[in-house]
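This is what each chain is made of:
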Amino acid sequence: MSASHTVQEFIRNNAQKDILRFSTCGSIDDGKSTLIGRLLHDSKNVYEDHIAAIKQTSRKRNFSEEIDFSLFTDGLKAEREQNITIDVAYRYFSTPRRTFIIADTPGHEQYTRNMATGASTANLAVLLIDARNGVVTQTKRHSFILSLLGVPHLIIAINKMDIVGYRQDVFEAIKSDYEDFARKLDIKDVRFIPISALKGDNVVHRSTNMPWYDGLSLLELLETIYIGSDYNLVDLRFPVQCVIRPSMDFRGYAGTIASGIIRRGDEVMILPSGTVSRVARIVTYDGELDEAFPPMSVTITLADERDISRGDMIVHRHNLPRLERHFEAMLVWMDTSPMDLNRSYFLKHTTRTTRVRIDEVRYRVDVNTLTRQPAQPLTLNEIGRVVFTSVTPLMFDAYQRNRATGGFILIDPHTNATAAAGMIIEREPSDHLPSHITGPAAYPSLTRHESLISREQRSTRFGHAPATVWLTGLVGSRKTAIAYALEKRLFDLGAVAIVLDGENMRLGLSKDLDFSSAGRAEHLRRAAELARLLNDAGFLVICAFTSPNADIRRQVAQIIGLDRFFEVYAQAPLQWCEQHDTTGLYAKARRGELPHFAGINAPYEPPAQPALVLDIPAISVQTAVDLILTLLRQRGIFTRPSPPNSPPPPTPSHSSHTDSP
Amino acid sequence: MKRYALSHLKQLEAESIHIFREVVAEFERPVMLFSVGKDSVCMLRLAQKAFYPGKLPFPLLHIDTGYKFPEMYEFRDRLAKELGLDLIVYRHELAGKLPHPIDCQKCVNTLKTQALLDALRKYKFDAAFGGARREEEKSRAKERVFSFRDQFGQWDPKNQRPELWNLYNTRINPGESIRVFPLSNWTELDIWQYIYLEQIPVVPLYFAKERDVVIRDGQILALVPPNSLLPGEQPRRMLTRFRTLGCVPCTGAVQSSASTVEEIIQEMMTARVSERATRMIDHNVEASMEIKKREGYF
Ligand SMILES: Nc1nc2c(ncn2[C@@H]2O[C@H](COP(=O)(O)OP(=O)(O)O)[C@@H](O)[C@H]2O)c(=O)[nH]1
């Protein structure tokens with residue numbers, strides 16, 4: 001193989017790799033440094049000159065010829081003198097499957113502040129427990145901070161198994177202890193691995209000393225754990241970072257997509273002003289994009305001239321964050337000077353900085369006992385629940401739902417120190433808060449509560465991801481028949497699926513609505529909200545609605561979330577639908593008895609970019625079902641295999657395949 | 001769903017762009033330190049991306065010790081011209097005038113660190129982008145992306161501002177400044193892959209060539225002024241390249257036959273030695289980087 005061929009392959013392969021950011025924590029001497037050193041060394045991620053330097057230091061310090069793996073990770077001179085790590089240090093390594101960024105956080109002194117820092121950007125945390133000591137206070141403390149910072153995945157590495165004779169009962173006892181305790185916390189995905197960092201068991205290579213453990217080694221788990229759903233792809237939040245205006249005819253809003261998906265043509269609302277426009281272009285140095293998603297940095301231009309500046313937020317019109325000046329947050333105090341209730345602080349949230357006043361400390365959390373203590377101003381490394389009032393309104397979501405729009409920092413206006421980190425929580429509407437100033441909210445604010453069950457847990461149980469298949473087409477285009485046949489098929493394959501169809505909904509949920517355009521829009525809004533709820537519960541939802549208006553379908557997609565919305569167009573000629581109509585609706589419409597009937601006296605606007613087009617008179621209901629199933633498989637929604645005796649799925653040669661809107 | 005996932009390079013790119021924009025939005029007078037090396041050219045490309053289709057909203061600053069390789073000056077001037085860059089070249093009054101043999105420590109302290117501090121003060125820059133990466137060196141591993149410097153340009157590793165999410169604290173008092181490292185999370189291999197994918201031109205010194213060198217204290221030094229043979233030394237001709245670029249007297253070459261970016265990447269995939277090993281100044285004292293950084297070095 002030529003050099004260039006190998007390199008091209010290598011880079012191509014690398015281009016597919018993602019990043020896993022993880023933090024490591026544990027009490028002092030649990031073996032964290034040794035573990036990281038071992039991980040880097042055994043996965044061949046350290047250079048020879050480093051190894052040589054470390055051998056030399058090992059000899060000097062420990063009078064030993066063995067490599068002291070903990071030396072790979074210690075940093076500053078001051079720390080070396082005191083033999084402890086006192087700050088977050090970042091390390092980098094990669095394997096052929098993934099690249100990794102480790103935030104190495106100390107288990108000592110300033111643990112809370114440093115751990116919170118490391119955890120804020122982590123997808124995952126590795127928490128060490130010394131097998132001899134089991135779950136200790138420090139373990140609980142660390143777990144609490146990790147759950148507070150919303151770290152989605154947690155690996156409990158039970159270390160020093162070599163000292164306890166690699167015994168399974170020791171491991172199991174600690175595991176069940178931890179599980180008992182963790183029930184109180186909001187950590188979604190917890191795994192356990194027995195390791196010996198010193199000897200290398202189950203760190204990179206699976207251990208032969210613990211045949212009773214049949215799981216993955218730590219590195220294997222880090223390489224394979226699924227982090228694709230860690231980003232919120234449902235709620236579009238685009239905080240404007242700066243305005244790029246090189247000439248009179250270009251005005252772009254630059255920023256990083258905090259969450260959700262933005263597409264060219266999307267109708268968007270600019271907050272806090274509430275003005276509405278459309279996305280004209282998504283501009284990057286490398287060309288224009290049709291859509292952008294987190295954490296991409298892009299520049300957006302709008303169809304209309306609007307007065308937008310840094311700190312504004314672009315969102316989908318039908319999926320809004322809260323816009324308020326009063327809110328509550330869990331606060332981690334990080335400054336040596338304690339909280340001062342008589343002072344205002346700067347608060348930086350997304351790209352917006354404003355002044356805030358602390359109205360009240362509701363309680364302080366004792367991180368050792370995880371109990372609530374009477375309120376008092378917080379001091380360094382303390383955590384509490386705090387009520388704020390800001391000078392200008394903030395656009396935010398609860399941190400548990402959206403890390404990017406739920407987190408903020410407080411800055412001391414005198415020293416400019418970063419005084420605290422805050423995680424906004426769901427709670428009562430602002431009227432109920434003890435605030436001194438009450439400003440009008442831009443729109444009614446409500447509270448969204450969070451489930452204790454993650455999307456992933458549901459997907460694991462159901463064996464598929466949630467999604468909404470939205471069938472649109474003329475009356476009589478067989479949408480309903482296809483919907484129910486698809487539901488049956490999915491059910492037979494073990495999926496949890498449900499049909500929402502227009503007629504059924506009008507018999508119940510939408511009984512009070514008429515067929516005016518307002519009534520129809522509301523009808524579809526309810527369907528969309530219901531589909532979203534069902535998706536949140538993990539269901540596959542199949543919607544069959546004429547839904548002739550493209551704009552309304554776009555809003556529906558935004559409510560449901562663009563990443564799980566699949567628009568399927570049942571394309572049938574009007575004439576054919578009319579001829580095969582058994583309901584008599586067309587005849588009535590022709591007689592003028594039905595106003596706004598799509599195709600007759602109201603337009604049907606076909607989807608511009610459906611996920612799938614069904615060529616209705618040409619294909620059977622069963623073929624249509626097969627095609628939709630193939631779509632769901634291709635998009636990774638439903639990956640369970642069909643029973644062996646079923647016919648192979650058809651290739652959609654006679655129908656076009658494009659991206660969902 | 002792979003469809004909404006970014007590769008690690010694209011993620012790093014997005015993060016760097018975010019950092020550039022944040023600085024431009026929040027500071028009065030930012031500047032980008034441009035040292036002509038591979039990290040600098042990547043940083044430049046990222047900055048272009050951040051403000052596209054606009055122009056760079058800040059100047060570039062090259063601290064010239066007077067001892068750079070001729071190829072570096074040539075490359076710098078050509079790039080500045082081609083891209084229409086606003087480039088400030090700042091030289092200490094002793095630049096290029098140190099007594100022979102050149103004392104590398106002195107070169108760094110005076111011609112680099114002191115000159116940098118003087119330049120920042122002279123032009124009243126309040127934020128300076130640097131191309132340092134955390135992976136490069138132990139003490140850098142703890143460096144913040146937004147690294148606070150007091151009025152004397154000094155870094156206090158024990159008193160750093162915590163940095164959470166991508167919310168950077170940019171508040172400073174007059175006279176103080178921030179060093180910003182948009183490449184914090186990049187590795188050397190990332191840099192080369194990016195150069196490859198983006199087709200970014202780099203100084204030809206990175207590519208292997210037969211060069212006249214001398215081996216001194218285990219380092220391969222190029223025989224380019226001000227380097228010259230000491231009594232008893234033998235000149236050699238060796239196939240070499242440079243992994244990092246600094247001043248002629250203190251930059252060691254490595255033996256290598258990698259003459260294209262692809263070959264460099266291939267060499268890196270099997271690299272056994274860290275890139276800092278070719279920097280003479282780092283060998284001097286244990287933890288020397290930390291001491292330099294405390295004094296105001298990048
Ligand atoms: N027997 C044994 N000792 C270990 C293991 N991991 C770490 N140690 C030892 O525990 C001590 C503390 O380890 P270190 O990595 O410095 O802990 P840290 O404070 O968590 O970073 C050192 O003496 C290590 O050699 C292990 O798996 N087995």
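Residues numbered from 1 in each chain as written. Chains lettered and ligands numbered in written order. Predicted model: local features only at pLDDT ≥ 70, side-chain atom pairs only at ≥ 80, totals over all residues. Heavy atoms only, no water.

## Examining the overall build of chain B
Right, so step 1: When its secondary structure is counted, chain B shows eight helices and 10 strands.
Right, so step 2: Taken over 298 residues, chain B has a buried fraction of 65%.
Right, so step 3: Across chain B, the fraction of contacts at a sequence separation of at least 24, relative to all contacts at a separation of at least 6, is 73%.
Right, so step 4: Surface summary for chain B: the accessible area is close to 11,600 Å², and the carbon and sulfur share equals 50%. (Helix = DSSP H or I, 4+ residues; strand = E, 2+ residues; numbered from the N terminus. Buried < 20%, exposed > 50% of the residue type's maximum accessible area, 1.4 Å probe, protein only. Contact = heavy atoms within 4.5 Å. Areas by Shrake-Rupley, 256 points an atom, 1.4 Å probe, with all protein chains shown as cover.)

## Points about the sheet that holds strand β23 (residues 467–472) of chain A
Residue and element names in this part refer to chain A.
Right, so step 1: Sheet architecture is open: five strands sit in the order β24-β25-β23-β26-β27, paired in parallel fashion. A strand with exactly one partner marks an edge of an open sheet, and here the two such strands are β24 (497–501) and β27 (612–615). Averaged over all pairs of adjacent strands, the angle between their axes in this sheet comes to 20 degrees, without regard to strand direction.
Right, so step 2: Of the pairings in the sheet, the one linking β24 to strand β25 (residues 540–544) comprises five bridges and is parallel in character. Pairing of Leu 500 across the sheet is with Cys 543, part of β25. (Pairing = 2+ DSSP bridges. Axes fitted to C-alpha atoms, helices over the stretch in contact; angles between N-to-C directions.)

## Remarks on the domain arrangement of chain B
Residues and elements named next belong to chain B.
Right, so step 1: Each assigned domain of chain B is listed with its residue range as follows: domain 1 (8–190 + 287–295) and domain 2 (203–281).
Right, so step 2: The centre of domain 1, based on its C-alpha atoms, is set 24 Å off from the matching centre of domain 2.
Right, so step 3: At the interface, 25 residues of domain 1 touch 21 residues of domain 2.
Right, so step 4: In total, domain 1 and domain 2 occlude about 2,200 Å² of area from one another, counting both sides; carbon and sulfur atoms represent 67% of this.
Right, so step 5: Counting across the domain 1 and domain 2 interface gives one salt bridge.
Right, so step 6: When the shortest N-O distance is used, the salt bridge between Arg 243 and Glu 188 registers 2.8 Å.
Right, so step 7: Contributing elements (two or more residues each) for the side of domain 1 that touches domain 2: α3 (70–83), α4 (104–123), α5 (188–198) and α8 (288–295). (Domains from an automatic or database assignment. Buried area = accessible area lost by both parts, 1.4 Å probe. Salt bridge = Lys/Arg side-chain N within 4 Å of Asp/Glu carboxyl O.)

## Concerning the site of the ligand
Residue and element names in this part refer to chain A.
Right, so step 1: Contacts to the ligand come from 16 residues, most closely from Asp 29, Lys 32, Ser 33, Thr 34 and Asp 162.
Right, so step 2: Within the side chain of Thr 34, a nitrogen or oxygen atom sits 2.4 Å from an oxygen atom of the ligand.
Right, so step 3: The separation between an oxygen atom of the ligand and a polar side-chain atom of Lys 160 is 3.1 Å.
Right, so step 4: The greatest single-element share of the shell around the ligand, amounting to three residues, is contributed by helix α2 (residues 32–42).
Right, so step 5: Here the shell around the ligand is composed, by residue class, of four nonpolar, seven polar and five charged. (Near = heavy atom within 4 Å. Polar contact = N/O pair within 3.5 Å; in protein donor to acceptor, adjacent residues only side chain to side chain. Nonpolar A, V, L, I, M, F, W, Y, C, P; charged D, E, K, R; others polar.)

## A word on the interface of chain A and chain B
Right, so step 1: Tallying the contact residues gives 91 residues for chain A and 74 residues for chain B.
Right, so step 2: Contact between chain A and chain B buries roughly 7,200 Å² in total, counting both sides, with carbon and sulfur atoms accounting for 57%.
Right, so step 3: Summed over the shared surface of chain A and chain B, the result is seven salt bridges.
Right, so step 4: The residue Lys 10 of chain B makes a salt bridge to Asp 286 of chain A at a minimum N-O spacing of 3.8 Å.
Right, so step 5: Here chain A is connected to chain B by 27 residue pairs in polar contact (both at pLDDT 80 or more).
Right, so step 6: At 10 residues, helix α1 (residues 3–16) of chain A tops the list of elements feeding residues into the side of chain A that touches chain B.
Right, so step 7: Residues of the side of chain A that touches chain B, tallied by class, amount to 43 nonpolar, 28 polar and 20 charged.

## Examining the environment of Gly 584 of chain A
All names here are of chain A.
Right, so step 1: Positionally, Gly 584 belongs in the loop between α15 (574–579) and α16 (585–590).
Right, so step 2: By relative accessible area, which is 29% here, Gly 584 ends up partly exposed.
Right, so step 3: As for Gly 584 and Phe 327, which are separated by 257 residues in sequence, their C-alpha atoms are 55 Å apart.

## Examining the packing of helix α1 (residues 8–26) of chain B against α5 of chain B
All names here are of chain B.
Right, so step 1: At a minimum axis distance of 11 Å, the contact between α1 and α5 shows a crossing angle of 95 degrees. By the criterion of interaxial angle, the relationship of α1 to α5 is roughly perpendicular. Every residue of α5 that contacts α1 at His 8, Leu 9, Leu 12 and Glu 13 is listed here: Asp 190, Gln 193, Tyr 194, Leu 197 and Glu 198.
Right, so step 2: Residues of the contact of α1 with α5, tallied by class, amount to four nonpolar, two polar and three charged. (Parallel < 35°, antiparallel > 145°, perpendicular 65-115°, else oblique.)

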